[in-house]
Amino acid sequence: MPADQRRLLRLAVGPLLGLTFSACAPRLMNRLAPAPDAPASDPIAARFSRAQRFLDDGRPDGAVQELRAAERELRADDPRRLEAYERLGMVYVAAHEWEPAHGAFLQALSAARDLGLQGPLLADSYAGIGFCLAAQTKYFRAAQYLRRGLEMGPDAEVRRRAAGELSACLSRVGEDQELDDFGPEFTVTKITINAKWTEDFIIMRRIPFRVGDSINGRDLALARAALYRMNLFKAVEVSTAPLEGGAAVTVSVKDGWYVLPFPLISAGAGSSRFGAIIEARNVFSQAESMDLQILRGKSGSRTALGGDWEGWSGRFERTRQAYSENIYADGGYSAIGGLGTPLDANNFSQFGEIVDSYGKTTDDTILSVERAFSRRWSVEGGFDRGTVGYNSPGPFVPPDAGKQGNIFAAVKYGGLREGTLGLGGILGFGDAGLEERLKPMRRPQWGNTGEFRVIEAGRGSRSSFGYGEFLVHLQTSYSWGFYETISLTAAGGHGASLPDSKLLATGRTTALQGTYSREFRGPTAAGASLGYGRRLAANRWGAFQGGVFAEDARAWFHNTSKDKQGLGVSLYFRFWRFPLPLGVSYTYCLDDRNGLVSGAIGGRF
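Presented here is a report on the structure given in the accompanying data block. (Residues numbered from 1 in each chain as written. Predicted model: local features only at pLDDT ≥ 70, side-chain atom pairs only at ≥ 80, totals over all residues. Heavy atoms only, no water.)

Attention now moves to the pairing of strand β8 (residues 300-309). Pairing between strand β7 (residues 289-297) and β8: eight bridges, direction antiparallel. Within β8, the residue paired with S289 across the bridge is D308. The hairpin formed by β7 and β8 contains two residues between the paired strands. Direction of pairing for β8 relative to strand β9 (residues 312-328): antiparallel, over a ladder of ten bridges. Paired with D308 across the bridge in β9 is S313. Between β8 and β9, which pair antiparallel in sequence order, lie two residues; one of them, E310, sits at a positive phi of approximately 45 degrees. (Pairing = 2+ DSSP bridges. Helix = DSSP H or I, 4+ residues; strand = E, 2+ residues; numbered from the N terminus.)

Here it is as structure tokens:
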């Protein structure tokens, strides 16, 4: 991570890092601390002692400065260089700064080789590299370093943590599409990047090894696969040549930049919409992406502008809608399908007595920023400024017209990996892995995603209403064979003082994936969906898939609750290059006893 990004990160999460260091640093570092009263005649021991005191006080930057100063003052033949680098690596590990930690441990290994050193500090350094790789989801290579560190006899605390990390890595090998080990081990002595357009540091961050690492042919294949997964390069070549007791690695890519518009059409039960998406990629040679979406439907329009670069992403979205909404005697509401009309518009009479009907308008502007800290973990924050209005007032029209702005923050785990959608896939970049996608899975895989979101509204967000809520979304899946998958999704939330338009509804918020004519709402709602899917056929164009699901959601309001239950089946063809599916879905609602069919060229069913 560059120095400027580290400074921003420390400003943003300073209090959290203080807690992290108070919990983690003592366990990892106390075993190495010299006596607090290290003699002044030994400046290196004094610096080690001051570094430990900085850690005890929750000041990691001070510890880093002392250890870096000790590094500069140590002679090239002083065996304490190994200790200085190992200490520095552990400081960075406690701070979750994996790149500088990896670099410090590699310096420790180099010092040990140069000085002929063995022992627990060397073992700790091997284990430390394993910690860094595991945090970056490079499980196969992490397991190799952790195993080697354990065999060499690390410190007791490092042994305990390394054993736990090793067990976790072995259970997750394969999640990052890693290959089996092959070829002889060699040390990387130099890395050369040949790219005409993309910056070298962008490519270096995708390569799963650094100068000083011991690797083999499997790691070269992983580097090639990681670069293809960016969907940015038409050709990737990773080669080696003997150099200075090891091998120099050369990475050559055929890259470029591009801008492309493509249409979007979605049709189904009330959710028809059309528009266009204009996407640009790598225009500034940073592997960045930008997109502009303009969509229109029967009830309104949406305009969105987004972009991402090196783990940072931002999005601006404006949505306007105007539609009619019904309230039923049993507490049900009309369900809105995307930008379409209410899904009960054509057959509302079959759902019982309607106690009120009115026109509703909404205008929402959302601005958000998200930061990814690994391939799986990210945080998001932003604000939502919205207004709600009603016409044709009746006795049950919600009394919440006006401003309903809020601020929000979220922690996310999992999600889409880099390069799975977008321009690169459409243009055929990254097609090197196509043959592998046509075969059965190499090994079963677990997939897990999750999100926790907090929303707060009041004077600070210029809202006419003060309210707060939290939302949780969790999904776990197991895939095997010819891409058969069983998945379980659970979601829900709770709010306080929510205006009617912010009540939680039985739908996407409660994990329902089907299409329903009506929904129930309340300040508390939860649901779950169990699904099974299977790839029915695959060719060089794409994959034909089918699935079934069963689901249930409930909303609580004024000491009563209402259930929304359904069963469904879907069939769709997903093109490898075009990022949106073509298919059809059918949902049967058990409580309303009706079924809805949705067909789409793109979008969700």
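Positionally, A112 belongs in helix α6 (residues 98-115). Residue class for A112 comes out buried when judged on its relative accessible area of 3%. Measuring from C-alpha to C-alpha, the distance between A112 and R80 comes to 9.9 Å, with 32 residues separating the pair along the chain. When sequence neighbours within four positions are dropped, the list of residues in contact with A112 reads L82, L117 and L122. (Buried < 20%, exposed > 50% of the residue type's maximum accessible area, 1.4 Å probe, protein only. Contact = heavy atoms within 4.5 Å.)

A cluster of nonpolar residues, I486, L488, L530, Y532, L536, F544, V548, V569, L571, V584, Y586 and V597, forms a patch on the protein surface that exposes about 970 Å² of accessible area. The set of elements that each furnish at least two residues to the nonpolar patch consists of β17 (484-496), β20 (524-538), β21 (542-557), β22 (560-575) and β23 (581-589). Counting through the fold element by element, L488 comes out in strand β17. (Patch = residues over 30% accessible without salt bridge, like charges linked within 9 Å, V, L, I, M, F, W, Y side chains within 5 Å. Areas by Shrake-Rupley, 256 points an atom, 1.4 Å probe, with all protein chains shown as cover. Salt bridge = Lys/Arg side-chain N within 4 Å of Asp/Glu carboxyl O.)

This part covers the pairing of strand β12 (residues 377-391). Strand direction decides the pairing type here: strand β11 (residues 354-372) and β12, joined by 14 bridges, are antiparallel. What sits directly across from A372, in β12, is S378. One ladder, built from eight bridges, connects β12 with strand β14 (residues 406-413); its direction is antiparallel. Within β14, the position partnered with F383 by the bridge is I407. Bridge count between β12 and strand β13 (residues 402-403): two bridges; the pairing is antiparallel. By the bridge assignment for β13, V388 is matched with G402.

Aromatic ring pairs: the centre-centre distance and the angle between the two ring planes describe each pair. Enumeration over the complete set of coordinates arrives at seven aromatic pairs. Ring centres of Y478 and W480 lie 5.8 Å apart, and the angle between their planes is 25 degrees; on these two criteria the pair is classed as stacked. Since its relative accessible area comes to 29%, Y478 is described here as partly exposed. The rings of W446, Y478 and W480 are connected pair by pair, giving a single aromatic cluster. Over the aromatic face of F48 sits the side chain of R87, whose NZ or CZ is 4.5 Å from the ring centroid. Sitting above the plane of the Y483 ring, R535 keeps its charged end 3.8 Å from the centroid. (Phe/Tyr/Trp six-rings, centres within 6.5 Å; stacked < 30°, edge-to-face > 60°. Lys NZ or Arg CZ within 6 Å of the ring centre and 35° of its normal.)

Moving on, we come to the environment of W257. Inspection of the secondary structure puts W257 in the loop between β4 (246-254) and β5 (258-267). Sequence-distant contacts of W257, defined by excluding residues within four places in its chain, comprise W197, R281, N282 and V283.

All right, on to the packing of helix α4 (residues 60-73) against helix α5 (residues 80-94) then. Where α4 contacts α5, the two axes come as close as 10 Å, and the packing angle between them is 160 degrees. In terms of orientation, α4 and α5 fall into the roughly antiparallel class. In this structure, α4 crosses over α5, and the sense of that crossing is left-handed. Contact with α4, carried on its side by P60, A63, V64, L67, R68 and E71, involves R81, Y85, R87, L88, V91 and Y92 of α5 and no other residues of that element. Residues that form the contact of α4 with α5 fall into these classes: eight nonpolar, no polar and four charged. (Axes fitted to C-alpha atoms, helices over the stretch in contact; angles between N-to-C directions. Parallel < 35°, antiparallel > 145°, perpendicular 65-115°, else oblique. Left-handed = near helix turned anticlockwise from the far one by under 90°. Nonpolar A, V, L, I, M, F, W, Y, C, P; charged D, E, K, R; others polar.)

For the rest of this paragraph, the subject is the side chain of S463. With respect to the helices, strands and loops of the structure, S463 is situated in the loop between β15 (445-457) and β16 (467-480). Taking the relative accessible area as the measure of exposure, S463 reaches 14% and is therefore buried. Of note is the side chain of S463, whose polar atom sits 2.7 Å from the backbone oxygen of F465. If near-sequence neighbours (up to four positions away) are discounted, S463 is found in contact with K403, Q404, G405, A457 and G458. (Polar contact = N/O pair within 3.5 Å; in protein donor to acceptor, adjacent residues only side chain to side chain.)

Turning our eyes to something else, we now look at the sheet that holds β4. With mixed pairing, the four strands of this open sheet are ordered in space as β2-β1-β4-β3. The sheet is open, and its two borders are formed by β2 (214-215) and β3 (235-243), each paired with just one other strand. Sheet analysis places strand β1 (residues 186-194) next to β4, joined by six bridges and oriented parallel. Residue V188 lies in a different strand from β4, and its bridge partner there is A247. Its contacts with the sheet place helix α11 (residues 217-228) against β1, β2, β3 and β4, and it is angled at close to 150 degrees to β3.

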